[in-house]
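# Report on the structure
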There are 2 protein chains.
Amino acid sequence: MPAHDTLELKLKSTNPRYLAQVLYALRFADTAVKDLTATNGTLQVLHAAPDAAALKQKVESILERYLVDASALRYEPLWQHGENTTPPHDPFDDMLMQQLVNVEGSGRVALRGVLAELAEFIDFTVLRRIARTLGCRREVYPGTIALNDLGNAGVFQSLPQHMQFVAHLRHDLAAIDAFSKVMKESDFSGSAPPTVPDATLTQPEVLLNPAVCYHCYLTLRGQRVNPAGHAVTARSRCHRFEGASLKSLSRLADFDMRELVFVGSPPFVKEMRARATELTKELFVEWGLEGALVPANDPFFTEEYRAKALMQQAQDLKHELTVPLPDGAPLAISSFNYHMTHFTAPFDITGANGRPAASACIGYGLERWVYAIAMRHGIDEGQWPTGLKSPFDDWRKDFGNVI
Amino acid sequence: MPAHDTLELKLKSTNPRYLAQVLYALRFADTAVKDLTATNGTLQVLHAAPDAAALKQKVESILERYLVDASALRYEPLWQHGENTTPPHDPFDDMLMQQLVNVEGSGRVALRGVLAELAEFIDFTVLRRIARTLGCRREVYPGTIALNDLGNAGVFQSLPQHMQFVAHLRHDLAAIDAFSKVMKESDFSGSAPPTVPDATLTQPEVLLNPAVCYHCYLTLRGQRVNPAGHAVTARSRCHRFEGASLKSLSRLADFDMRELVFVGSPPFVKEMRARATELTKELFVEWGLEGALVPANDPFFTEEYRAKALMQQAQDLKHELTVPLPDGAPLAISSFNYHMTHFTAPFDITGANGRPAASACIGYGLERWVYAIAMRHGIDEGQWPTGLKSPFDDWRKDFGNVI
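Treat the numbers as computed from the prediction; the structure is a model and nothing was measured.

Moving on: the overall build of chain A. A count of helices and strands for chain A gives 11 helices and 16 strands. Since a compact globule built from 403 residues should have a radius of gyration of about 22 Å, the 22 Å found for chain A is in line with a globular shape. Its C-alpha atoms give chain A principal-axis dimensions of roughly 55 × 55 × 50 Å. Across the 403 residues in chain A, those meeting the buried criterion constitute 61%.

Okay, here's the thing in structure tokens:
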């Protein structure tokens, strides 16, 4: 193991949101970065980089990228419920002890027992109470999406760090046999898996879904949407490389997301976002959660960060429903996004007037909702408040585990 | 475009099952293979290979691999329902015309409208009528699985051709920026997408789920299962590279599968497979489908094909519920698999006696069930038989699209 060095840099801002965004982005700066802390206006980077000057340049470039005039970003909650107190303890160790979670790797977990039931109950409730109320039609989407389609949607210019590319063995007997032979002689017990032989893999043509809504735009490509507006809902695993070792359910690389997607005139789309927000707040309150709805922006990882983040804020494009983590940091469990014509324009989706339609999507990160409930109420369903326990019990009779 | 040549080879068997398996496997022989036909004991391979002799060697190797003494394989149905007549027509064009399917790429489709509802209804019914009756507990699994775990499970020695590997950009500012820059200057309208720059992608450490049940074995790794037996159910997208341009819903590269998984003593596991088979046959009959339950084997693509296929047959390990396609070929919509200790031994899962437990899994390919219903009854739900229409209408009131 190479010796570790520490790089120290003075921070130009100590705004908490700037710090959170910079610490997140720095995960992707260099594989040699081992640990990061920011205290008293100083950033400390523990690293194993052979070329410290090159590393410093990367870190400085990221610090600069995310430096937005603090006065341009709003932080006041749009809505708040409860005292927003930090939860008493992190339930993750209990989940592991009771085998309600199986950690397969960094950010990849299976939910079991009551936690799997809870995830399904949350999805069921969003579907029944929100999606159907808003007239969303059900769709079933692939788990992958073409590189060309994500490229068209502009995703590689906003969130390239998250992308997960798919390749397969060349369909050639020699390549497939070479792979099988190497694997036959391999040991699968190491922390780094055996290397797939050179030149057996194809260039990626598809990626894993980073989100659900892109598939909706593909169904409408080149079309004029119904003047009354288009509303659908789908659930999919979503995949984002997160550049760090992930623990707990608060951030996963492979997670379940229910989305509602709306396409139509700006007033229709904005009204649907507003109604979905109100219906989601109702559930949040009924289930005894505490937290806040806040203005937000995506973790853009490009030189265009500043322009895009300011635009999201100025146009009020992104709201997040957050709950406090045990360390006090906010965890977004749902997001309410108005895209203007960002996704409809590249796919030539027009409205009644022949101009590009607008779109919006609402996302429910199922594992994060599970975690929010577990942090607030614990993992023993006997202790849950009636507003949650009673509908959960009703659901369980029909759809849960037979005990 | 290079000129095409035709390679002709005499076939050593004209057994229909041998032909089906060989034609399937030859898709993976070489990217230069353009088309395949087998008539009157002769195989014709249309190809664009510069080295015809090398291609011939690959094709001959595959023809040899799959040559099993025909008398060793049983073909008689274990059960049959209806006349097993071929369906009147292929409903796929109607699905496209009515925009009930959106084709995103080869083998990657979105289901919409009544077809999405039908897929969800099928899953709901399997869950309520079969999984719960057999005491399966719900679990929620990742969409990806570690290379090490699939390697341990022996999958690379049986079905390497299907594997879909996941890579991400090196978490290094230089690699991520290089990727974004190339993509910014790219055109996404070609049939081949732009090339991801060299050396920006990592070696794959995870793959897409080729099936659901592996995640269950991971939850039990190193454990002794409950003497009463372990039963779970989960649904996941599954991904298999299929080496050819795929049309219709009959074979997809990215599909939805509900699985029931049983782990325990051989008698428990076999009884659960038998009960799941009976309950599935009930649904099949109620929904007015026609077809057969047949002994089967997996499309192993390795030199061990013969040994493995004969073993699956001799030990009665795999049954498939099939419906006839418009061309008369059988389409498997469910499979009923007894694994003996194939998956429990590598993950050290033991039974009450301390010896490796046995396992079984039952799979429901949701798009294939949808297709089976559409082939037999059409895509206008008004024309469906009462045994299907009536429970579908009940489901729709609570969970379907609000019309």
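So, next bit.
Turning next to the pattern of salt bridges. According to the stated counting rule, one finds 61 salt bridges over all chains in the structure shown. A single network of salt bridges, built from pairs that share partners, joins Glu120, Asp123, Arg235, Arg237, Asp254, Asp256, Arg258 and Glu367 of chain A together with Arg138 of chain B.

What follows is about the sheet that holds strand S13 (residues 291–295) of chain B. Residue and element names in this part refer to chain B. Pairing in this open sheet of 8 strands is mixed, and the strands run S4-S13-S14-S15-S16-S12-S11-S7 from one edge to the other. Each of the sheet's edge strands pairs with one partner strand only, and the pair in question is strand S4 (79–81) and strand S7 (137–138). In the sheet, strand S14 (residues 318–324) pairs with strand S15 (residues 330–340) via 7 bridges, with the strands oriented antiparallel. Looking across to S15, one finds that Lys318 is bridged to Asn337.

The subject of this paragraph is the sheet that holds strand S3 (residues 42–47) of chain B. In a beta sheet, neighbouring strands pair by backbone hydrogen bonds and run either parallel or antiparallel. Residues and elements named next belong to chain B. Spatially, 3 strands are ordered S1-S3-S2 in an open sheet, and the strand pairing comes out antiparallel. The two strands at the open ends of the sheet, each matched to only one other strand, are strand S1 (5–10) and strand S2 (33–39). Geometrically, the sheet is characterised by an average inter-axis angle of 20° between neighbouring strands, direction not taken into account. The pairing of S1 with S3 spans 6 bridges and is classified as antiparallel. In the strand pairing of S3, Glu8 is matched with Gln44. Contacts between helix H1 (residues 16–26) and the sheet are confined to S2 and S3, with S2 contributing the most and set at about 170° to the helix. Contacting S1, S2 and S3, helix H2 (residues 52–65) crosses the sheet at an angle of about 35° to S1.

Quick look at the domain arrangement of chain A now. All names here are of chain A. Split by domain assignment, chain A resolves into domain 1 (5–67) and domain 2 (79–161 + 206–399). Once you take the C-alpha centre of each, domain 1 and domain 2 turn out to be 29 Å apart. Summing both partners gives a buried area of about 1,300 Å² for domain 1 against domain 2, and 48% of it is carried by carbon and sulfur. Taken together, the connections running from domain 1 to domain 2 amount to 1 salt bridge. Glu242 is paired through a salt bridge with Arg27; the nearest N and O atoms lie 4.0 Å apart. Along the contact surface separating domain 1 from domain 2 lie 8 residue pairs in polar contact (both at pLDDT 80 or more). No other element matches helix H1 (residues 16–26), which puts 4 residues into the side of domain 1 that touches domain 2. Tallied by class, residues from the side of domain 1 that touches domain 2 come to 6 nonpolar, 1 polar and 4 charged.

Time to look at the packing of aromatic side chains. All names here are of chain A. Evaluated as defined, the whole model comprises 45 aromatic pairs over all chains. Relative to Phe399, the ring of Phe124 lies with its centre 5.4 Å away and its plane at 45°, an arrangement referred to as tilted. On the criterion of sequence distance, the pair formed by Phe124 in helix H4 (residues 113–131) and Phe399 in helix H11 (residues 386–399) is long-range, its members being 275 residues apart. Lying over the aromatic face of Phe300, Lys308 brings its terminal NZ or CZ to 5.8 Å of the ring centre.

Attention shifts here to the interface of chain B and chain A. For an interface, size is often stated in terms of accessible area lost upon the parts coming together. Each partner contributes to the interface: chain B provides 102 residues, whereas chain A provides 101 residues. A buried area of about 8,600 Å², summed over both sides, lies between chain B and chain A, and 54% of it is on carbon and sulfur atoms. If you sort the residues of chain B by the area they bury against chain A, Arg138, Val140 and His171 of chain B come out on top, with a joint share of 9%. Where chain B meets chain A, there are 8 salt bridges. Across the pair Glu139 of chain B and Arg112 of chain A runs a salt bridge whose closest N-O atoms are separated by 2.9 Å.

The next subject is the environment of Thr322 of chain A. All names here are of chain A. Within the secondary structure layout, Thr322 lies in strand S14 (residues 318–324). For the pair Thr322 and Asn353, spaced 31 residues apart in sequence, the C-alpha separation works out to 37 Å. Not counting chain neighbours up to four residues away, the residues in contact with Thr322 comprise Phe284, Glu290, Gly291, Ala292, Val294, Pro330, Leu331 and Ala332.

Evaluation of the coordinates by the stated rule reveals 4 cavities of 30 Å³ or more. Put simply, the largest cavity is a space of about 760 Å³. Looking at the largest cavity, it is lined by 40 residues, and the ones nearest its centre are Glu120, Asp123 and Arg235 of chain A together with Glu120 and Arg235 of chain B. Considering every element that reaches the lining of the largest cavity, the biggest residue donor is strand S11 (residues 230–239) of chain B, with 6 residues. Partitioned by chemical class, the residues of the lining of the largest cavity number 16 nonpolar, 7 polar and 17 charged.

Within the secondary structure, Gln157 of chain A sits in the loop between helix H5 (147–152) and strand S9 (164–168). Discounting chain neighbours no more than four positions away, the residues touching Gln157 of chain A are Thr302, Glu304 and Lys308 of chain A together with Ser180, Met183 and Lys184 of chain B.

Attention now goes to unusual backbone geometry. In this structure, Gln99 of chain B is a non-glycine residue whose phi angle is positive, near 55°. In this fold, Gln99 of chain B is placed in the loop between helix H3 (92–97) and strand S5 (101–105).

Before going further, it helps to examine the nonpolar core. Grouped together as the largest cluster of nonpolar side chains are 260 residues, with contacts concentrated most on Ile122, Leu260 and Phe262 of chain A together with Ile122, Leu260 and Phe262 of chain B. Sort the elements by how many residues they give to this core and helix H4 (residues 113–131) of chain B lands first, with 12 residues. Apart from residues no more than four positions distant in its own chain, Phe262 of chain A is found in contact with Leu134, Cys136, His230, Ala231, Phe268, Val269, Met272, Ala358, Ser359, Ala360 and Ile362 of chain A. With 6 residues, the next largest nonpolar core counts Val166 and Val206 of chain A together with Val166 and Val206 of chain B among its residues.

Residues and elements named next belong to chain B. Contact geometry of H4 with helix H10 (residues 366–377) gives a least axis separation of 9 Å together with a crossing angle of 115°. In this view, H4 runs roughly perpendicular relative to H10, as classed from their interaxial angle. The hand of the H4/H10 crossing is right-handed. Along its contact with H4, which presents Leu115, Leu118, Ala119, Ile122 and Asp123, the element H10 presents Leu366, Trp369, Val370 and Ile373. Looking at the contact of H4 with H10 residue by residue, the classes come out as 8 nonpolar, no polar and 1 charged.

Here the focus is the packing of H1 of chain B against H2 of chain B. All names here are of chain B. The contact between H1 and H2 brings their axes to 10 Å, and the two run at 145°. The handedness of the crossing between H1 and H2 is right-handed. Contacts from Tyr18, Val22, Ala25 and Leu26 in H1 reach Val59, Ile62 and Leu63 in H2. Counted by class, the contact of H1 with H2 contains 7 nonpolar, no polar and no charged residues.

This paragraph deals with the relation of the copies chain B and chain A. Put simply, the second copy of the chain is the first one after a rotation about an axis and a shift along it. Between the two copies, chain B and chain A, the superposition gives an RMSD of 0.0 Å; the rotation angle is 180° and the shift along the axis is 0.0 Å. Both chain copies can therefore be described as sitting about a two-fold axis. Ranked by how close their C-alpha atoms come to the rotation axis, the residues of chain B are headed by Val166 of chain B, at 2.4 Å. Counting the interface residues of chain B, we find that 99% of their copies in chain A are interface residues as well, pointing to one common contact surface.

What counts, and where the lines are drawn
- Residues numbered from 1 in each chain as written.
- Chains lettered and ligands numbered in written order.
- Predicted model: local features only at pLDDT ≥ 70, side-chain atom pairs only at ≥ 80, totals over all residues.
- Heavy atoms only, no water.
- Helix = DSSP H or I, 4+ residues; strand = E, 2+ residues; numbered from the N terminus.
- Rg over C-alpha atoms; globule rule 2.2 N^0.38 Å.
- Buried < 20%, exposed > 50% of the residue type's maximum accessible area, 1.4 Å probe, protein only.
- Salt bridge = Lys/Arg side-chain N within 4 Å of Asp/Glu carboxyl O.
- Pairing = 2+ DSSP bridges.
- Axes fitted to C-alpha atoms, helices over the stretch in contact; angles between N-to-C directions.
- Contact = heavy atoms within 4.5 Å.
- Domains from an automatic or database assignment.
- Buried area = accessible area lost by both parts, 1.4 Å probe.
- Polar contact = N/O pair within 3.5 Å; in protein donor to acceptor, adjacent residues only side chain to side chain.
- Nonpolar A, V, L, I, M, F, W, Y, C, P; charged D, E, K, R; others polar.
- Phe/Tyr/Trp six-rings, centres within 6.5 Å; stacked < 30°, edge-to-face > 60°.
- Lys NZ or Arg CZ within 6 Å of the ring centre and 35° of its normal.
- 1 Å grid on protein atoms, 1.4 Å probe; cavity = no way out; pocket = protein on both sides within 12 Å on 5 of 7 lines; lining within 4 Å.
- Points joined across faces, edges and corners; volume = space filled by probe spheres on them.
- Core = buried A, V, L, I, M, F, W, Y, C linked by side-chain atoms within 4.5 Å.
- Parallel < 35°, antiparallel > 145°, perpendicular 65-115°, else oblique.
- Left-handed = near helix turned anticlockwise from the far one by under 90°.
- Least-squares fit on C-alpha atoms with pLDDT ≥ 70 in both.

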